[in-house]
Each structure stands twice: as C-alpha cells, then as structure tokens.
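Residue-level structural notes
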Amino acid sequence: MASPMSASRFLDALRDEGLTVVEVGDWRTHNRNHKGPWGPVHGVMIHHTVTRGTSNTVRICRDGHSGLPGPLCHGVIAKDGTVHLVGYGRANHAGLGDDEVLRAVIAEKRLPRDDEATTDGNRHFYGFECENLGDGEDPWPKVQLDAIAKAAAAVCRVHGWTHRSVIGHLEWQPGKVDPRGFTMASMRGRIADRLR
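Residues numbered from 1 in each chain as written. Predicted model: local features only at pLDDT ≥ 70, side-chain atom pairs only at ≥ 80, totals over all residues. Heavy atoms only, no water.

**Thoughts on the packing of helix α1 (residues 7-16) against helix α4 (residues 142-159)**
For clarity, the cut-off: In this analysis an axis means a line fitted to C-alpha atoms, helices contributing only their contacting stretch, and an angle means the value between N-to-C directions, from 0 to 180 degrees. Every helix listed is a DSSP run of H or I at least four residues long, and every strand listed is a run of E at least two residues long, numbered separately from the N terminus. Note on angle classes: values under 35 degrees are labelled roughly parallel, values over 145 roughly antiparallel, values of 65 to 115 roughly perpendicular, and the remainder oblique. By definition, any crossing whose near helix is turned counterclockwise from its far helix by less than a right angle is left-handed, and any crossing with a clockwise turn is right-handed. Any two residues whose heavy atoms approach within 4.5 Å at even a single point are treated as in contact. Under the scheme applied here, ten amino acids are nonpolar (Ala, Val, Leu, Ile, Met, Phe, Trp, Tyr, Cys and Pro), four are charged (Asp, Glu, Lys and Arg), and all others, including Gly, are polar.
The N-to-C vectors of α1 and α4 enclose an angle of 125°; their axes lie 8 Å apart at closest approach. By the angle class used here, α1 and α4 are oblique. For the pair α1 and α4, the crossing hand works out as right-handed. For the pair α1 and α4, contact is made by R9, F10, A13 and L14 and by A151, A154, V155 and V158, respectively. Taken together, the residues of the contact of α1 with α4 break down into seven nonpolar, no polar and one charged.

**A closer look at the nonpolar core**
Rules: The nonpolar core is taken to be a set of buried Ala, Val, Leu, Ile, Met, Phe, Trp, Tyr and Cys residues, with the residues joined through side-chain atoms within 4.5 Å. Think of it in three bands: residues with accessible area under 20% of the maximum for their type are buried, residues over 50% are exposed, and the middle band is partly exposed, with areas taken using a 1.4 Å probe on protein chains only.
Counting residues in hydrophobic clusters, the biggest one holds 38 residues, and the most contacted among them are F10, L14, V44, I46, Y126, F128 and I148. Listing elements by their share of this core, those giving two or more residues are α1, β2 (43-48), β6 (83-85), β9 (125-130), α4 and α5 (184-195). No other element matches α4, which puts 10 residues into this core. Every residue in contact with I148, bar those within four places of it in the chain, is listed here: I46, I77, C130, W140, F182 and M187. By size, the runner-up hydrophobic cluster in this structure holds eight residues, among which are A94, V101, F125 and W172.

**Things to note about the layout of surface pockets**
What counts is decided by this rule: The method works on a 1 Å grid over the protein atoms by themselves. A cavity is a set of points holding a 1.4 Å probe that cannot get out, a pocket is an open set with protein on both sides within 12 Å along at least five of seven lines, and residues with an atom within 4 Å of a point line them. Grid points are joined across faces, edges and corners, and a volume is the space filled by probe spheres set on the points.
By volume, the largest pocket amounts to about 340 Å³. What lines the largest pocket is a set of 21 residues, and nearest its centre among them are L68, N92, H93, E129 and H169. Going through the elements one at a time, β2 and α2 (54-63) are the ones with two or more residues in the lining of the largest pocket. Looking at the lining of the largest pocket, the element that brings in the most residues is α2, giving three residues. Here the lining of the largest pocket is composed, by residue class, of six nonpolar, 12 polar and three charged. Here the second largest pocket defines a volume of roughly 200 Å³. Lining the second largest pocket are K109, R110, L111, H163, R164, V166, I167, A185 and R188.

**As for the sheet that holds β6**
Neighbouring strands of a sheet are bound in pairs by backbone hydrogen bonds; such pairs are parallel or else antiparallel. The condition is simple: A pair of strands is treated as paired once DSSP finds two or more bridges between them.
Judged by pairing direction, the sheet is mixed, and its six strands sit side by side in the order β1-β6-β5-β9-β2-β10 without closing on themselves. Lying at the two open borders of the sheet, with one neighbouring strand each, are β1 (21-23) and β10 (166-168). For this sheet the average axis-to-axis angle between neighbouring strands, irrespective of direction, equals 25°. Here β2 pairs with β9 via six bridges, running parallel. Within β9, the residue paired with G43 across the bridge is F125.

**Concerning unusual backbone geometry**
At the junction of G39 and P40, the peptide bond is cis and its omega measures out at 0° in the coordinates. Here G70 and P71 are connected by a cis peptide whose omega angle stands at 0°. Mapped onto the elements, P71 comes out in the loop between β4 (68-69) and β5 (75-77). A positive phi is found at V50, a non-glycine position, where the angle reads about 60°. Turning to its location among the elements, V50 is positioned in the loop between β2 and α2. V50 sits in the exposed class, given a relative accessible area of 54%. With a phi close to 55°, E108 is a non-glycine residue in the positive phi region. Position of E108 relative to the elements: it lies in the loop between α3 (99-107) and β8 (119-120).

Set out below in structure tokens:
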C-alpha cells in the first residue's frame, strides 16, 4: 500500500528524471478529492488525448468538458516532451476498470485481459495524458516517447515500483484504445531501461 507522494515530491521527481515541467495555475490543489479518496496508489496510467495543439490540450485536461470535469490527469505530456502539471490528487482519468488488472499491477505480474469495469481507477493511479490524436497516424516524436518513459519512471522510482506498475488505459478499461500508436510493452521496455 503506497500513499500518494506530496505535490512537491512529485514535481521534484519529474525534474530529477530530467524533464522540463510547467506548473499550470493551482495544480497542487486542483483535484476531485471531494468525490472520493485518492490512494492508496498502485501505478501509473498512460493515455492519449485525442486533441491537437498543446495549449488547447492543456486547457481541456485542466478544466475538463461538459461531460467530465477536470482535472483529467495529473500531467499532460506535450509533443515536445514538456510535462504540464494540471492537477494533483484524485483526477478523472482512469474511470472504472478491472479488479484483476489492479491485482496484477499491485503484484507486478503479467496483466490479464480487462473484461469488466467494477473498480475505481481514479483512486489508485497517477495519470498522464499525452498529446496525440489517437488515430494511429498522428506521430509520436521520440522526445515525447522519452518523456512518457521518464515521467512514469520518476513515479515508479519514488514508490519503488518496477515497469510493471505502468499500464495503458486500454489495459484497464474495456473498450478503451489509448494510447494508440505505440505498444505498452515497448513503453514498459523503455521504462525498465531507465530504472536499471
């Protein structure tokens, strides 16, 4: 069982991993904690945004939209590799997912197929939204892929987790396809290399 790190520790961890970080407004206290607890935390979830343009993407991820209030993640990873912090605490990013997947993440075992949505993921995962249209054609620049690996590794390093604590939204919730355009197996490989 891991308690979420403080917002300051989160910021330091990202910077210590070599990331360029932009703090957006009151990100340290911008959250959905009034809807339920955040923690214990067990892993990191990676998403794509289905948006174009960094400023637009950051705004949406911070403020949300009519169907889903923000923040929609903790950090937005832009095409240039910059991490924009938009919230800290419970965020509307993971939704309901598979309890067997959560157990596998906790045990750092091979993930089962996600075939149910019964468990609150917003409580248990750090979330990074990555700027991409998610159509399988919008490119993923190397600097952005490196930043995703660095951000996930930063969180894993603080908590003493391995690369197996990092999952994609598509591995958590049936019907989700994100992130699309790279495999989570390849991303976990990058993260493992950083953690060695």
